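Coordinate inspection notes
What follows is each chain in one-letter form.
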Amino acid sequence: MMMTKGVIVLAAGGTGGHLFPAEALAHELTKDGYDVHLVTDKRAQRFVSGFDENHVHVVRSATIAGKNPIALAKTFYSLWQGNLDCRKLFRRLNPKLVVGFGGYPTLPPLYAASRMNIPTIIHEQNAVMGRANKGLSARVTAIAGGFLSAESGTHAAKTVQTGNPVRPSVMAQTNVAYKPSVEPDVFRLLVFGGSQGAQYFSTVVPAAIALLEIDERERLFVTQQARPEDEVICRKAYEKLGVKAQVAPFFGNLPEMMAQAHFVLSRSGASTVSEIAAIGRPSLLVPFPFALDHDQAANAEALAKAGGGEVIRQAELKPEKLAKILIAALNEPQRLADMAARAKSSGRPDATRLLADLVEAIAAGLSVSDYKQGKRV
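Residues numbered from 1 in each chain as written. Predicted model: local features only at pLDDT ≥ 70, side-chain atom pairs only at ≥ 80, totals over all residues. Heavy atoms only, no water.

Going by this rule: UniProt positions are given in the numbering used here, feature names are shortened, and annotations may be inferred rather than shown by experiment.
Recorded under Sequence similarities (unreviewed entry), the UniProt text for the chain is reproduced unchanged: "Belongs to the glycosyltransferase 28 family. MurG subfamily." Under the UniProt heading Subcellular location (unreviewed entry), the note attached to the chain is "Cell membrane".

As structure tokens, then:
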């Protein structure tokens, strides 16, 4: 049996947005000789293909929502049971460190680890800390931030800005140079978002494109994510307009499509913004307006501040407004090239390595202060 440097447990669940950076870190730590395990919940099992099934441990969890006292009691009972699950698991694995990636499924393992005096790190992808991470922030050993500031805030002393790890499929596209589309060349527009984003974009984007001149529409090739119930309607709208389009509920090669795009229209989740920046593409970001912590708006502003993207509120994104933005994009290739370069310069393709360095330092017993002073294992 091959000797390892020890066990490190990653805790992530709920959505792919939490699992993808955990998967990236797992690959890096495994290369460095660690035995990496994942603690997750039932909902996230469909996203764990990047992990050895024998290293995936499903624990009981629940999301705190609403104010119904009976429902809250059941939720806290599930979280407590998850804590007991994790204690039993950690006694068997004896991990050097537990790393959480946000979401309520990380509460049981991070709470259990801290109570067992196991070093802990939380990674916060967004510019605004989520509720689960906020609840854990005072308890953990260190905080790694995707967009969080390490210069200000309650826990700045133990915060290190590492950036957000991106998937290997994204890293494979980071060397693809941006090539501006000059009239009459084809102009590739990529449109995607979560299910809610896809629903809104399926309505507003075809309506905006309908306002373009015929020669402008003829240059377009639209690749758009649409919910299954919107897919046919969206595709037929483009067919009626004579616009070449590829419409589907899911794209397995989205990073490749992003690299081919001349302009990206999307929501502004932390992973999305990080991937757009790592590949380096000009974008129009539309933060999801109902996000509880308004984290998407803060993420989008981080890229806009660097000059790599534009931000617009959903309430302002009427077809007429979007049509003007698309016309400008079609006719200003140099501006888009400049935006692509600025987005690229703000990207953190080394985020996985930086996070791995921090994880290994804390696992070895170094303090955050030591790490910030340049000490490494």
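Quick look at the overall build of the chain
Stated formally: Here a strand is any run of E in DSSP of at least two residues, a helix any run of H or I of at least four, and the numbering for each starts at the N terminus. Throughout, radius of gyration means the C-alpha value; the globule benchmark is 2.2 Å times the number of residues raised to the power 0.38. Partly exposed describes any residue whose relative accessible area lies between the buried limit of under 20% and the exposed limit of over 50%, with all areas from a 1.4 Å probe on protein chains only and scaled to the type maximum. Every residue pair with non-hydrogen atoms within 4.5 Å of one another is taken to be in contact.
Summing up its helical and strand segments, the chain has 15 helices and 13 strands in all. Radius of gyration (C-alpha) of the chain: 22 Å, near the 21 Å computed for a compact globule of 377 residues. Per-residue burial over the chain gives 53% buried out of 377 residues. Considering only intrachain contacts with a sequence separation of at least 6, the fraction spanning at least 24 residues in the chain is 63%.

So, the domain arrangement of the chain
Basically, it comes down to this: Domain start and end points were adopted from an automatic or database domain assignment. When two parts are brought into contact, each loses some accessible area as probed by a 1.4 Å sphere; the total of that loss over both is the buried area. Between Lys or Arg on one side and Asp or Glu on the other, a salt bridge is scored when a side-chain nitrogen of the former is within 4 Å of a carboxyl oxygen of the latter. In protein, a polar contact means a hydrogen-donor-capable atom and an acceptor-capable atom, both N or O and within 3.5 Å, with residues adjacent in sequence counting only if both atoms are side-chain atoms; elsewhere, any N or O pair within 3.5 Å suffices.
You can read the domains of the chain as domain 1 (7-166 + 349-373) and domain 2 (171-346). Every contact between the two is made by 12 residues of domain 1 and, on the other side, 12 residues of domain 2. Contact between domain 1 and domain 2 buries roughly 1200 Å² in total, counting both sides, with carbon and sulfur atoms accounting for 64%. Counting the contacts that link domain 1 with domain 2 gives 0 salt bridges. For the pair domain 1 and domain 2, the number of links is 5 residue pairs in polar contact (both at pLDDT 80 or more).

Let's talk about the environment of Tyr 104
With respect to the helices, strands and loops of the structure, Tyr 104 is situated in the loop between β4 (97-100) and α3 (107-115). With relative accessibility at 12%, the residue Tyr 104 sits in the buried group. In this structure the C-alpha to C-alpha distance between Tyr 104 and Ala 132, which are 28 residues apart in sequence, comes to 5.6 Å. When neighbours within four sequence positions are excluded, Tyr 104 is seen to be in contact with Ser 61, Ala 62, Thr 63, Ile 64, Leu 79, Arg 131 and Ala 132.

Some thoughts on the sheet that holds strand β8 (residues 187-192)
The cut-off we apply is this: Whether two strands pair comes down to DSSP finding at least two bridges between them. For helices, the axis comes from a line fit to the C-alpha atoms of the stretch in contact; other axes are also lines fit to C-alpha atoms, and the angle between any two N-to-C directions lies between 0 and 180 degrees.
Spatially, 6 strands are ordered β10-β9-β8-β11-β12-β13 in an open sheet, and the strand pairing comes out parallel. Single-partner strands in this sheet number two, and they are β10 (244-248) and β13 (309-311). Between one strand axis and the next, the sheet turns through 15° on average, direction left out of account. Pairing between β8 and strand β9 (residues 220-225): 5 bridges, direction parallel. Across the sheet, the residue bridging to Arg 188 is Phe 221, located in β9. Packing of helix α11 (residues 295-305) onto the sheet brings it into contact with β12 (283-285) and β13, and relative to β13 it is tilted by some 135°. The strands touched by helix α12 (residues 319-331) are β8, β9, β11 (263-266), β12 and β13; relative to β11, the strand with the most contacts, the crossing angle is about 160°.

Description of the pattern of salt bridges
Counted by the stated rule, this structure contains 15 salt bridges. Asp 85 serves as the salt-bridge partner of Arg 60, at 2.6 Å between the closest nitrogen and oxygen. A residue pair is termed long-range when its members are at least 10 positions apart, and Arg 60 in the loop between β3 (56-58) and α2 (69-93) and Asp 85 in helix α2 qualify at 25 residues. Given the relative accessible area of 42%, Arg 60 is considered partly exposed. A salt bridge links Asp 230 to Arg 227; the nearest nitrogen and oxygen atoms lie 2.9 Å apart.

What to know about the nonpolar core
Test applied: Joining through side-chain atoms within 4.5 Å is the link that ties buried Ala, Val, Leu, Ile, Met, Phe, Trp, Tyr and Cys residues into a set, and such a set is a nonpolar core.
Leu 189, Val 205, Ile 209, Leu 220, Phe 263 and Leu 322 are the most contacted members of the largest nonpolar core, which totals 34 residues. Sorting the residues of this core by element identifies β8, α6 (195-209), β9, α8 (228-241), β11, α12 and α13 (333-346) as the ones contributing at least two each. The contacts of Val 205, once residues within four sequence positions are left out, are Leu 189, Val 191, Gln 224, Tyr 238, Leu 265 and Leu 322. The next biggest cluster of nonpolar side chains, apart from the first, holds 29 residues, and it includes Ile 8, Leu 10, Leu 19 and Val 56.

What to know about the pairing of β4
Along β4, one buried face is formed by Leu 97 and Val 99 and the opposite face, lined by Val 98 and Gly 100, is buried too. Across 4 bridges, the pairing between strand β1 (residues 7-11) and β4 is parallel. Paired with Ile 8 across the two strands is Leu 97, which belongs to β4. Pairing of β4 with strand β5 (residues 120-124) involves 3 bridges; the strand directions are parallel.

A word on a negative patch on the surface
Counted only if it meets this: Two distance rules govern patches: like charges are joined within 9 Å, and nonpolar side chains (Val, Leu, Ile, Met, Phe, Trp, Tyr) within 5 Å, applied only to residues with over 30% relative accessible area and no salt bridge. Here the open area of atoms and residues is found with the Shrake-Rupley method and a 1.4 Å probe, where only the protein chains shown may cover a residue. Charge assignment: positive for Lys and Arg, negative for Asp and Glu; neither His nor the chain ends contribute. Think of each charge as sitting on NZ of Lys, CZ of Arg, CG of Asp or CD of Glu.
Together, Glu 183, Glu 213, Asp 215 and Glu 218 make up a region of like negative charge exposed at the surface. Structurally, the position occupied by Glu 213 is in the loop between α6 and α7 (214-219). Residue class for Glu 213 comes out exposed when judged on its relative accessible area of 53%.

Focus: the sheet that holds β3
Taken in spatial order, the 7 strands line up as β3-β2-β1-β4-β5-β6-β7 in an open sheet, and their pairing is parallel. The open sheet has two edge strands with one neighbour each: β3 and β7 (159-161). Strand-to-strand twist of the sheet, defined as the mean angle between neighbouring strand axes without regard to direction, takes the value 25°. Pairing analysis gives 3 bridges linking strand β2 (residues 35-40) to β3, with the strands arranged parallel.

Considerations on unusual backbone geometry
For the bond from Glu 183 to Pro 184, the omega torsion is 15°, close enough to zero to count as cis. Take Pro 184: it is sitting in the loop between α5 (168-171) and β8. For Asn 94, which is not glycine, the phi dihedral falls at a positive 50°. Summarising the element assignment, Asn 94 is placed in the loop between α2 and β4.

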